[in-house]
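Residues per chain are reported as follows:
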Amino acid sequence: MHSSSIFEGNLDDFSNQEPQRAPIGIFDSGVGGLTVLRQLYRQLPNESIVYFGDTARLPYGIRSQAEILRFTREIITWLQQQQVKMVIMACNTSSALALETVRQEFSIPILGVILPGAKAAVQQGKRIGVIATPATAKSNAYKHAILEIAPDVQVWQVGCPEFVPLIEQNRIHDPYTAEVARSYLEPLLEQEIDTLVHGCTHYPHLTPVLRSLLPSQVQLVDPAVHVVAACAQELDLLGLRNTHLPLPTRFAVSGCPKQFSQSGVQWLGYTPMVEEVSFTDIAISQLQ
């Protein structure tokens, strides 16, 4: 049964005592990954979750690949210490720049958002626009993934450096945000796209703004929906789906817990209890 999973042999570290009850780990640079968390609540309501937001070091989209890889290693190491059974990289930048490397380095199953998003995009249209962080856009990760699946489609990408800071500052309905969005969408609209991919998990928070600027026929693709569907499949393949009641979601950040809690309440519908985590406590030996 396990042979059809891309994570065959990755369960060495799991306890033999009910590994199904272990939580799923999610991480992002900030509140963007809450779009993935909400999908987990909808699609996998029995799963316990540990959420980490690297708020002290956001935005990731302007970082180098070496920095992103180091951050990703530190976070996955910490999540492993929390005994998670699977990690969802709810961050497109990390998925683009670090996923393949950390999959080779860690024994735990790790899912990224780009391939599920690319698969969904090619089912929607033939003229695909991708809005992403500058680092994700520069990596061409979405373009490569989409064209590998469907070589006959056309793909255009735009790096959007201002979106994540505006979302983290809760300025979604600020007129300036609409101006910025209009400038980012303009080159894509000139290409008459029929599909727009949220190439950053923060961006679904902007859906009302983007929808107001896009022609009605342009379809939006939220990779969060599809990475959680992929997560459900993997849990079934690995025999790790939890059938018991979940534990309360645990939230941790590297920056200010109060700020994340205040930002998160509008996306979650409740005020999360948030703890602060310092990576200086992680043993270097565990990062090897």
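Since we're looking at a predicted model, the values are computed, not measured. (Residues numbered from 1 in each chain as written. Predicted model: local features only at pLDDT ≥ 70, side-chain atom pairs only at ≥ 80, totals over all residues. Heavy atoms only, no water.)

Participant: Sorry, what's going on with helix α2 (residues 65–81) here?
Facilitator: Given 3.6 residues per turn, any residue in an α-helix points the same way as the ones three and four places further on. Between its first and last C-alpha, α2 extends 24 Å over 17 residues, near the 24 Å set by a 1.5 Å rise per residue. For α2, the set of buried residues is Ile 68, Leu 69, Phe 71, Thr 72, Glu 74, Ile 75, Ile 76, Thr 77, Trp 78 and Leu 79. Residue Gln 83 follows α2 closely and has a positive phi angle near 60°. (Helix = DSSP H or I, 4+ residues; strand = E, 2+ residues; numbered from the N terminus. Expected span 1.5 Å × (residues − 1). Buried < 20%, exposed > 50% of the residue type's maximum accessible area, 1.4 Å probe, protein only.)

Participant: Explanation requested: empty space enclosed by the protein in the structure shown.
Facilitator: To find leftover empty space, one rolls a probe the size of a water molecule over the atoms. All chains considered together, the criterion is met by two cavities of 30 Å³ or more. What lines the largest cavity is Asp 28, Ser 29, Tyr 60, Gly 61, Cys 91, Asn 92, Thr 93, Thr 133, Val 164, Cys 200, Thr 201 and His 202. Volume-wise, the second largest cavity comes out at about 40 Å³. Residue lining of the second largest cavity: Pro 59, Gly 61, Ile 62, Thr 133, Pro 134, Cys 160, Pro 161, Val 164 and Pro 165, and that is the complete set. Looking at the lining of the second largest cavity residue by residue, the classes come out as seven nonpolar, two polar and no charged. (1 Å grid on protein atoms, 1.4 Å probe; cavity = no way out; pocket = protein on both sides within 12 Å on 5 of 7 lines; lining within 4 Å. Points joined across faces, edges and corners; volume = space filled by probe spheres on them. Nonpolar A, V, L, I, M, F, W, Y, C, P; charged D, E, K, R; others polar.)

Participant: Would you mind going over the nonpolar core with me for this structure?
Facilitator: Side chains that are nonpolar tend, in soluble globular proteins, to be buried together. The biggest cluster of nonpolar side chains holds 53 residues, and the ones touching the most others in it are Leu 34, Leu 40, Ile 131, Phe 163 and Cys 231. Looking at this core element by element, the count peaks at six residues for helix α11 (residues 223–237). Those residues within four positions of Cys 231 in sequence are excluded, and the remaining contacts are Ile 24, Leu 40, Leu 44, Met 86, Ile 88 and Leu 111. Ile 75, Leu 79, Val 84 and Ala 252 belong to the second-largest nonpolar core, a separate cluster that totals 26 residues. (Core = buried A, V, L, I, M, F, W, Y, C linked by side-chain atoms within 4.5 Å. Contact = heavy atoms within 4.5 Å.)

Participant: Mind showing me how you'd approach the UniProt feature "binding site: substrate" (unreviewed entry) in the protein chain here?
Facilitator: Under the local residue numbering, the UniProt record ascribes the feature "binding site: substrate" (unreviewed entry) to Asp 28, Ser 29, Tyr 60, Gly 61, Asn 92, Thr 93, Thr 201 and His 202. Spanning 175 residues, the annotated positions come together in the fold, the maximum distance between their C-alpha atoms being 11.9 Å. Of the annotated set named above, Asp 28, Ser 29, Tyr 60, Gly 61, Asn 92, Thr 93, Thr 201 and His 202 line the largest cavity. Non-local contacts of Thr 93, meaning those with residues more than four positions away in its chain, are made with Tyr 60, Gly 61, Ile 68, Thr 133, Ala 135 and Thr 136. Here His 202 lies in the loop between β7 (195–199) and α10 (207–213). For His 202, a relative accessible area of 0% puts it in the buried group. Apart from the residues within four sequence positions on either side, His 202 is in contact with Asp 28, Ser 29, Gly 30, Val 31, Gly 32, Val 164, Ile 167 and Glu 168. Within polar-contact distance, the side chain of His 202 engages the backbone nitrogen of Gly 32 at 3.3 Å. (UniProt positions renumbered as here; feature names shortened; annotations may be inferred. Polar contact = N/O pair within 3.5 Å; in protein donor to acceptor, adjacent residues only side chain to side chain.)

Participant: Any chance you could explain the UniProt feature "active site" (unreviewed entry) in the protein chain here in plain terms?
Facilitator: According to UniProt, the "active site" (unreviewed entry) feature falls on Cys 91 and Cys 200. A maximum C-alpha distance of 6.5 Å is found for the annotated residues, which run over 110 residues; spatially they form one tight group. Lining residues of the largest cavity drawn from the annotated set just named are Cys 91 and Cys 200. You can see Cys 91 is positioned in the loop between β3 (86–89) and α3 (92–97). According to the relative accessible area criterion, Cys 91 is buried, its value standing at 4%.

Participant: What should I look at first to understand the layout of surface pockets in this one?
Facilitator: In this structure, the largest pocket encloses a volume near 680 Å³. Along its surface, the largest pocket is lined by 29 residues, and Arg 103, Ile 114, Leu 115, Pro 116 and Lys 119 are the ones closest to its centre. Elements with a minimum of two residues in the lining of the largest pocket: α3, α4 (99–105), β4 (110–112), α5 (114–124), α7 (141–149) and α11. In terms of residue count, the dominant contributor to the lining of the largest pocket is α5 (six residues). Taken together, the residues of the lining of the largest pocket sort by class into 15 nonpolar, nine polar and five charged.

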